[in-house]
Amino acid sequence: MASATYDDDNIFAKIIRGEIPCNKVFENEHVLAFHDISPQTPTHVLVIPKGRYVSSDDFAAQASDTEIAAFVRAVGAIARDLGLVDPGYRILANHGRDAHQEVPHFHVHIFGGGDLGRMIKPPQH
Ligand code: AMP
């Protein structure tokens, strides 16, 4: 399977390389997490793999089992450390055009810190 083309100049690649600062909440060998620069909920954290994966599809198809396990474990640990397990939280990954993915480096959003409403509000067509 051809892998998606990764843009090494995307903003999250620059954050991983330390060329752009971030408000870091977690880091290990495989994963980095930081507060979203434009939070949409009281707590809004982005979790990214350090590997070069364009999207959730690319990550699911190409990442190693070790990277995938590390990522899923990290998302859980970060939400736990942020105190979100009891009140609840939402995780979300945008893939591609219809989901309005803006940054072409796979990331999961963690939303929390208040009532998030039910699921998503579809646009009116
Ligand atoms: P998405 O639409 O899923 O690709 O979301 C990209 C997210 O990255 C948005 O919520 C942005 O606010 C966020 N973002 C963009 N640049 C930065 C940055 N330099 N630091 C932190 N978050 C960022």
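None of these values were measured; they are calculated from a predicted model.

A.B. asks: What should I look at first to understand the side chain of N10 in this one?
C.D. replies: As for its placement among the helices and strands, N10 is situated in the segment before α1 (11–16). At a separation of 2.7 Å, a polar atom in the side chain of N10 contacts the main-chain carbonyl oxygen of D7. A distance of 2.9 Å separates a polar side-chain atom of N10 from the backbone nitrogen of F12. Setting aside chain neighbours within four positions, we find N10 in contact with V103, P104 and H105.

A.B. asks: Please explain the site of the ligand as it appears in this structure.
C.D. replies: Every one of the 16 residues lining the ligand counts as a neighbour, but D36, N94, E102, H107 and H109 are closest to it. Interatomic distance of 2.5 Å between a side-chain N/O atom of D36 and an oxygen atom of the ligand. Between the ligand and N94, the relevant distance is 2.8 Å, taken from an oxygen atom to a side-chain nitrogen or oxygen of the residue. Protein chains shield 87% of the accessible area of the ligand, which is 510 Å² for the free molecule. Of all the elements in the fold, those that place two or more residues in the shell around the ligand are α1 and β2 (31–35).

A.B. asks: Would you explain helix α3 (residues 65–81) in this entry?
C.D. replies: Given 3.6 residues to a turn, an α-helix orients residues that are three or four positions apart in the same direction. For α3, which comprises 17 residues, the first-to-last C-alpha distance of 24 Å matches the rise-based estimate of 24 Å (1.5 Å per residue) to within 8%. Looking at the packing, one finds that the buried side of α3 touches β1 (24–27), β2, β3 (43–49), α2 (56–62), β4 (89–92) and β5 (108–112).

A.B. asks: Can you help me understand the side chain of E67 in this one?
C.D. replies: Relative to the helices and strands, E67 is located in helix α3. R52 provides the closest opposite charge to the buried, unpaired E67, separated from it by 10 Å. Ignoring any residue separated from it by four or fewer positions in sequence, one finds E67 in contact with H30, G51, Y53 and F59.

A.B. asks: Would you take a moment to explain the pairing of β5 for this structure?
C.D. replies: Side chains on a regular strand alternate between the two faces of the sheet. For β5, a buried count of five out of five residues is recorded, marking the element as mostly surrounded by other parts of the structure. As paired elements, β3 and β5 share five bridges and run antiparallel to each other. Residue pairing across strands places V45 opposite I110, the latter belonging to β5. Pairing of β4 with β5, which is carried by four bridges, proceeds in the antiparallel orientation. Considered in β5, the bridge of L92 is made with H109.

A.B. asks: Explain the packing of aromatic side chains here, please?
C.D. replies: Between two aromatic rings, the relevant description is the distance of the centres plus the angle of the planes. As enumerated under the stated definition, the model contains five aromatic pairs in all. Relative to F34, the ring of F12 has its centre 5.4 Å away and its plane inclined at 75°; by these criteria the two rings are edge-to-face. Separated by 22 residues along the polypeptide, F12 in helix α1 and F34 in strand β2 bring together distant segments of the chain. The class for F12 is buried, based on a relative accessible area of 7%. For the pair F59 and F106, a centre-to-centre distance of 4.8 Å together with 25° between the ring planes defines the contact as stacked. Separated by 47 residues along the polypeptide, F59 in helix α2 and F106 in the loop between β4 and β5 bring together distant segments of the chain. The two residues F59 and F106 agree in class, both being buried. Three or more aromatic residues joined by ring pairs make a cluster, and in this case those are Y53, F59, F71 and F106.

Cut-offs and rules
- Just so you know, the residues in each chain are numbered from 1, in the order the chain's sequence is written.
- Per-residue local features of the predicted model are confined to residues with pLDDT of at least 70, and side-chain atom pairs are confined, for both listing and counting, to 80 or more; whole-chain, interface and lining totals are unaffected and use all residues.
- Think of the side-chain values as coming from all heavy atoms in the structure, minus any hydrogens and water.
- Helix numbers and strand numbers start at the N terminus; a helix is a DSSP run of H or I with at least 4 residues, a strand a run of E with at least 2.
- Contacts described as polar in this section are N or O atom pairs within 3.5 Å, which, within protein, must combine one atom able to donate a hydrogen with one able to accept it, while residues neighboring in sequence count only if both atoms come from side chains.
- We call two residues contacting when some pair of their heavy atoms lies within 4.5 Å.
- Here, proximity means that at least one heavy atom of the residue falls within 4 Å of the molecule or strand.
- For every accessible area listed, the method is Shrake-Rupley and the probe measures 1.4 Å; residues are considered covered only by the protein chains on display.
- Take the number of residues in a helix, subtract one, and multiply by 1.5 Å to get its expected span.
- Partly exposed describes any residue whose relative accessible area lies between the buried limit of under 20% and the exposed limit of over 50%, with all areas from a 1.4 Å probe on protein chains only and scaled to the type maximum.
- Positive charge is attributed to Lys and Arg, negative charge to Asp and Glu, and no charge count is given to His or to the chain ends.
- Salt bridges are counted wherever a side-chain nitrogen of Lys or Arg sits within 4 Å of a carboxyl oxygen of Asp or Glu.
- For two strands to count as paired, DSSP must find a minimum of two bridges between them.
- Between rings of Phe, Tyr and Trp, where Trp is taken as its six-membered ring, a pair exists when centres lie within 6.5 Å; planes separated by under 30 degrees are stacked, by over 60 edge-to-face, and by other angles tilted.

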